[in-house]
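Descriptive structure summary
Residues per chain are reported as follows:
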Amino acid sequence: QVQLVESGGGVVQAGGSLRLSCAASGRFFSIDDMRWYRQVPGKQRELVSVITSGGTTTYADSMKGRFTISRDNAKNTVYLQMNSLKPEDTAVYYCNFRVRLRPGLRGTDYWGQGTQVTVSS
């Protein structure tokens, strides 16, 4: 079974920075896309950023220039560096990996447990 474990959330003042990490463990062949989502109570989960297996990155408009996604394939880990944080960035952040359990199989999505990010004004 594949498990994703997140770390790095916390409380920070507006303008500050946090770095989230998400590491996969278990038995699998490879990881395709790695994604970060966030969710505020009462609202739909929102896509924050994606990094493909080839390193191509995309960001939601409100995060461009402030957030940076990266991955370490040797460690099966994705990072989200968040700078210039705003109170509206307060949410639970979830990682999501599309994992190929065996060669030739389609990817399966796995989710982290979520980590709370709170930005105070």
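Residues numbered from 1 in each chain as written. Predicted model: local features only at pLDDT ≥ 70, side-chain atom pairs only at ≥ 80, totals over all residues. Heavy atoms only, no water.

**Brief notes about the sheet that holds strand β8 (residues 77-82)**
- Judged by pairing direction, the sheet is antiparallel, and its four strands sit side by side in the order β1-β3-β8-β7 without closing on themselves. Strands with a single pairing partner mark the edges of an open sheet, and in this sheet they are β1 (3-7) and β7 (67-72). Neighbouring strand axes in the sheet, compared pairwise and without regard to direction, differ in orientation by 15° on average.
- Note that β1 and strand β3 (residues 18-25) share five bridges and pair antiparallel. When the bridges of β3 are listed, E6 appears paired with C22. (Pairing = 2+ DSSP bridges. Helix = DSSP H or I, 4+ residues; strand = E, 2+ residues; numbered from the N terminus. Axes fitted to C-alpha atoms, helices over the stretch in contact; angles between N-to-C directions.)

**Details of the state of the cysteines**
- Tallied over the full model, the rule gives one disulfide.
- Between C22 and C95 runs a disulfide, and the two sulfur atoms are separated by 2.0 Å. A torsion of 50° about the S-S bond marks the disulfide between C22 and C95 as right-handed. Here C22 is found in strand β3, whereas its partner C95 is found in strand β9 (residues 91-100), with 73 residues between them in sequence. Side by side, C22 and C95 carry an identical accessibility label, which is buried. (Disulfide = S-S within 2.5 Å. Buried < 20%, exposed > 50% of the residue type's maximum accessible area, 1.4 Å probe, protein only.)

**A short note on the nonpolar core**
- Residues W36, L80, M82, Y93 and F97 are the most contacted members of the largest nonpolar core, which totals 28 residues.
- Looking at this core, the elements with two or more residues in it are β3, β4 (30-39), β5 (46-51), β7, β8, β9 and β11 (115-120).
- Per-element tally for this core: the top contributor is β9, with five residues.
- Those residues in contact with Y93, other than ones at most four positions away along the chain, are E6, L20, W36, Y37, R38, V48, F67, L80, M82, G114, T115 and V117. (Core = buried A, V, L, I, M, F, W, Y, C linked by side-chain atoms within 4.5 Å. Contact = heavy atoms within 4.5 Å.)

**Some points on the pattern of salt bridges**
- Evaluation of the coordinates by the stated rule reveals eight salt bridges.
- With a closest N to O distance of 4.0 Å, R35 and D109 form a salt bridge. Taken together, the positions of R35 in strand β4 and D109 in strand β10 (residues 108-111) put the pair 74 residues apart, joining distant regions of the chain.
- The salt bridge involving D109 is made with R98; its shortest N-O contact spans 2.8 Å. Residue D109 is located in strand β10, and its partner R98 is located in strand β9; the two are separated by eleven residues in the primary sequence. (Salt bridge = Lys/Arg side-chain N within 4 Å of Asp/Glu carboxyl O.)

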